[in-house]
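Next come the chains, spelled out residue by residue.
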Amino acid sequence: MKTRLSLLGGVSFACLCAGMALSSAAQETPVAVTESDDPILRAETVVVQGEIAYRNRSEETVQTLEYGQDYFQRFEPLTAGDALKRVPSVTFLSDVIESDGARLRGLDPGYTQILINGEKVPGSSADRSFFLDRIPAELIDRVEIVRSSSARRSGDAMAGTLNIVLRDGYELDGGYVRAGGLYFDDGELKESLGGVYGGELGPGRILLGANLQGRYNPKIKKSLRYGDSPENNPDFRTDDFDNREDQTDTRDGTDYSFNAEYGVETGSGLDMTFSGFYVKTDRTEMERSFEYDDPTAITGPVRRTVTGNLLTDNENIASIDQQNYALRGVIAQDWSAGTTKVKLGFANFEEDVYETEDEIDFDRATPRYTGDLTLTSLEDKETSAEATHKFDFGSGAVEFGVFFQDKSRDTDIRTQRNRFNVPVTVRDNWNQFQNNPNEPRIAWNALDPVPGGLNELSEERLDLFAVIDGDAGPLAWEAGLRYETTDVSIRDFTVAPADQNQSTKYEFLLPSAHLKYDLTSVDRISASVARTVRRPNFNFITPALLEAELGDNDLLGNPELKPESAWGLDVGYERRLGRQGVFGVNVFYRDVSDLIEIANTGVEGAEGPGTFVLQPRNTGDGSVYGIEFDLSTPLTFAGLPNTGVFANYSWLDSDIDDALGSRRFNDQSEFVYNFGFIHDLVDLGAAFGATYRKQGDAFGRIVGEEITTSYGADLEIFVEKSFGERFTLRAVGSNLLNASKDEVFNKFTTIQDQIDRSFDEYELESEEAGPVFQIMARYAF
């Protein structure tokens, strides 16, 4: 037996099913989650794919979808986030051609549990989420979408769980190297290099992987700002124009990654696995913005000439250094009383950011320079341990265990601002296409912590759980109970000494139950019910007061916040289509309690009458619901066995009440769908395919601001040719429709203004990036 984490599953699409010739499949039985009988693959079968890969049909009782690395590889995704654009119910609110914070079922990334090899990992985000663009796609063995929550895992999975399983030595024999490059529409070239090797070493097997990936994203943005909106004035574009901003935004960097695993199967019941991964990112984000007082003009500074239109010239540069690493050891022992397993883990995330922003404001009698320097240092560490024991009981099995985690997160954000007038001659001789707003910059002096930016947070968790599962013919079931306790303490050095130390404690009892029933050898229904939680954002529980943080309103942290909790229901149907195909549909519902929303304390804000101190509070309830389809099948029924199609569609909705009325959960897309095909030219050793993706509009509302976000469609195409059994050359074009991200901002000065729809500013922003082309070669050895 080889000890592994296994979280598998299934669902699909309906409209292509009519007329499909369905073959019967053998009756299926559940597979224990700690065992795997997967064959060891030869490296050349990974490089030269003999057939089209489809979604795997999982045998797990807990509803899960599983996609192997070969399902994604032909479209050459750069990161785990890019790969997940082809699976159901995953949306993003990222910049165009970026896929970082996964929003399962359209909800904020903090509602989705991200696991790597079944273990949580820390990240930079205050909402506890982990950006999937940190994981190179080349390291992935498979992706598992766990739709409901099991007592075996942490309950931080209100929207579900995404488990990124990395390759291990028991899944690959031999190795391969990958080399290629990416070409961007502005002429930039970036390299892509990697290699993987798996084989025997001593009494066990080892897997080593390394990857170097050049990253680049050039975008062009345009913003038009008005003093009123079409809600109040149909002629707002001419009557209420305020200013226009033209911006270039370029992200340029390199990712370095390494992963290793060593496993030993002793044959005497003792198995051991030791693994780790390391990811380093060097990245520069550079924005250059010009603000004009005319919708189209690009002349120089105002007041320089009669026709001058330039209001401000701004440059913002952030140099980012991030490092992630994680180590894990698993020891499992079979003995007469069952199987005992012990897991130890350590994960660390570090981020250092050096950011400057220089701006010259020409829209004054005397031009003024403002320079800001911000230094950010963040370290998040997690040490965890888990012990479980599982034994047979009648026709089923019982498993119980204990989980411990010690988390520490240290944040240090310091800033300095220099502001002074510059000579009028600077304006008179300024050319925004030749000069740079950093030219008047003076030396930086001592930096001061920003409010809430210098703190130490610690979390200590102790969880107990028990699970019983079994099967009776076509029925498989699981029931479990998890008791989670969390002690949180935070020390904020930017507030008064009496308020610096804050602490709180959470306790939750999280039951779950799942069943899977095989109606026939090809038809299956499944149902799950589970209680889950979402712990508060880190920046919400600091006691600091941030002045004018939300419009002209202040934001005060709340160390007494409780986690949100939810009862969830998932009901699904799945049908096997022939030997390889699968179709499924799933309906989900979440009843959320103790929602964390921004509330008005009634205290006057620092900006004076009409403004208030706002604070995150547990304010009420909400609900999330939707339906998910997906299809993955060859077209054998139509006489096209070498053509595979895939499609998925998710309709997403929710309801929540805030001080301004009813709305959806913030920034939840209305839908997301993806469809495409792959066709193998067997006699030529070649293949080609395409995939098309679109996600619906998303609306978010907080005090002082409302945002509607729309994305253009994304089209990707690949062509590949294999040479012999060991070499493949692949060309991929992505973002072929020049996808744009369009945002509409409604901005208000006070809460009453927002209720009365009295706009401070109405803004239309559009961001666009061009196509990206890849050439990638793989060689197996």
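Note that this is a predicted model, so its numbers are computed, not measured. (Residues numbered from 1 in each chain as written. Predicted model: local features only at pLDDT ≥ 70, side-chain atom pairs only at ≥ 80, totals over all residues. Heavy atoms only, no water.)

Asks: When you look at the overall build of the chain in this model, what are you seeing that I'm missing?
Replies: Looking only at helices and strands, the chain has seven helices and 38 strands in total. Scaling as 2.2 N^0.38, a compact globule of 781 residues should have a C-alpha radius of gyration of about 28 Å, and the chain matches this with 27 Å. If one aligns the C-alpha atoms of the chain with their principal axes, the spans along those axes are about 85 × 65 × 50 Å. Here the chain holds 781 residues, and the buried ones make up 57% of them. Taking as baseline every contact in the chain between residues at least 6 positions apart, the subset at least 24 positions apart corresponds to 72%. (Helix = DSSP H or I, 4+ residues; strand = E, 2+ residues; numbered from the N terminus. Rg over C-alpha atoms; globule rule 2.2 N^0.38 Å. Buried < 20%, exposed > 50% of the residue type's maximum accessible area, 1.4 Å probe, protein only. Contact = heavy atoms within 4.5 Å.)

Asks: What is the right way to look at the side chain of Arg701 in this model?
Replies: By the secondary structure assignment, Arg701 is in strand β32 (residues 698-702). Looking at Arg701, the relative accessible area reads 11%, which means it is buried. A distance of 2.9 Å separates the side chain of Arg701 from the side chain of Asp658, its partner in a polar contact. With residues near it in sequence (within four places) discarded, Arg701 still touches Asp658, Leu660, Gly661, Ser662, Arg663, Asn666, Glu706 and Gln754. (Polar contact = N/O pair within 3.5 Å; in protein donor to acceptor, adjacent residues only side chain to side chain.)

Asks: It is not clear to me how unusual backbone geometry should be interpreted in this structure. Could you clarify?
Replies: As a rule of thumb, non-glycine residues mostly have phi less than zero, and peptide bonds are mostly trans rather than cis. Non-glycine residue Ser89 carries a positive phi angle of around 65°. Unlike most non-glycine residues, Asn735 shows phi in positive territory, near 50°. Mapped onto the fold, Asn735 is located in the loop between β35 (727-734) and β36 (740-747).

Asks: Sorry, what's going on with the sheet that holds strand β5 (residues 112-116) here?
Replies: One key point about sheets: their strands pair by backbone hydrogen bonds, in either a parallel or an antiparallel sense. Sheet architecture is open: five strands sit in the order β2-β7-β8-β5-β6, paired in mixed fashion. Only two strands of the sheet have a single partner each, and these edge strands are β2 (64-68) and β6 (119-120). In this structure, β5 lies alongside β6, joined through two bridges in antiparallel fashion. Note that in β6 the partner of Ile116 across the bridge is Glu119. (Pairing = 2+ DSSP bridges.)

Asks: What's the story with the confidence of the model for the chain in this structure? I'm lost.
Replies: As a note on interpretation, predicted positions should not be read in detail where pLDDT is low. Across the chain, pLDDT averages 90, with 94% of residues at or above 70. In the model, residues 1-37 has pLDDT below 50 throughout and makes 142 contacts with residues more than four positions away in sequence or in other chains. (pLDDT = per-residue confidence, 0-100.)

Asks: Sorry if this is basic, but what is going on with the pairing of strand β34 (residues 714-723) here?
Replies: Looking along a regular strand, one sees the side chains alternate between the two faces of the sheet. Side chains Asp714, Glu716, Phe718, Glu720 and Ser722 of β34 all project onto a buried face; the interleaved residues Leu715, Ile717, Val719, Lys721 and Phe723 project onto a face where none is buried. Sheet topology places strand β31 (residues 686-695) next to β34; eight bridges connect them, and they run antiparallel. The residue of β34 that forms the bridge with Gly689 is Phe718. In sequence, β34 turns back onto β35 through a hairpin of three residues, with Gly724 there showing a positive phi of about 70°.

Asks: So what exactly am I meant to see when it comes to a nonpolar patch on the surface here?
Replies: Together, Phe393, Ile468, Leu475, Trp477, Leu515, Tyr517, Leu519 and Ile525 make up a nonpolar patch on the protein surface, roughly 650 Å² of accessible area in all. Among the secondary structure elements, those contributing two or more residues to the nonpolar patch are β19 (475-492) and β20 (501-518). Looking at where Tyr517 falls in the secondary structure, it is placed in strand β20. Among the residues examined, Tyr517 registers a relative accessible area of 33% and is labelled partly exposed. (Patch = residues over 30% accessible without salt bridge, like charges linked within 9 Å, V, L, I, M, F, W, Y side chains within 5 Å. Areas by Shrake-Rupley, 256 points an atom, 1.4 Å probe, with all protein chains shown as cover. Salt bridge = Lys/Arg side-chain N within 4 Å of Asp/Glu carboxyl O.)

Asks: What should I look at first to understand the environment of Tyr506 in this one?
Replies: As for its position among the elements, Tyr506 is in strand β20. It is 8.2 Å that separates the C-alpha atoms of Tyr506 and Val488, two residues lying 18 residues apart in sequence. Residue contacts for Tyr506: discarding those within four places in its chain leaves Glu484, Thr485, Thr486, Val488, Arg535, Pro536, Leu561, Lys562 and Pro563.

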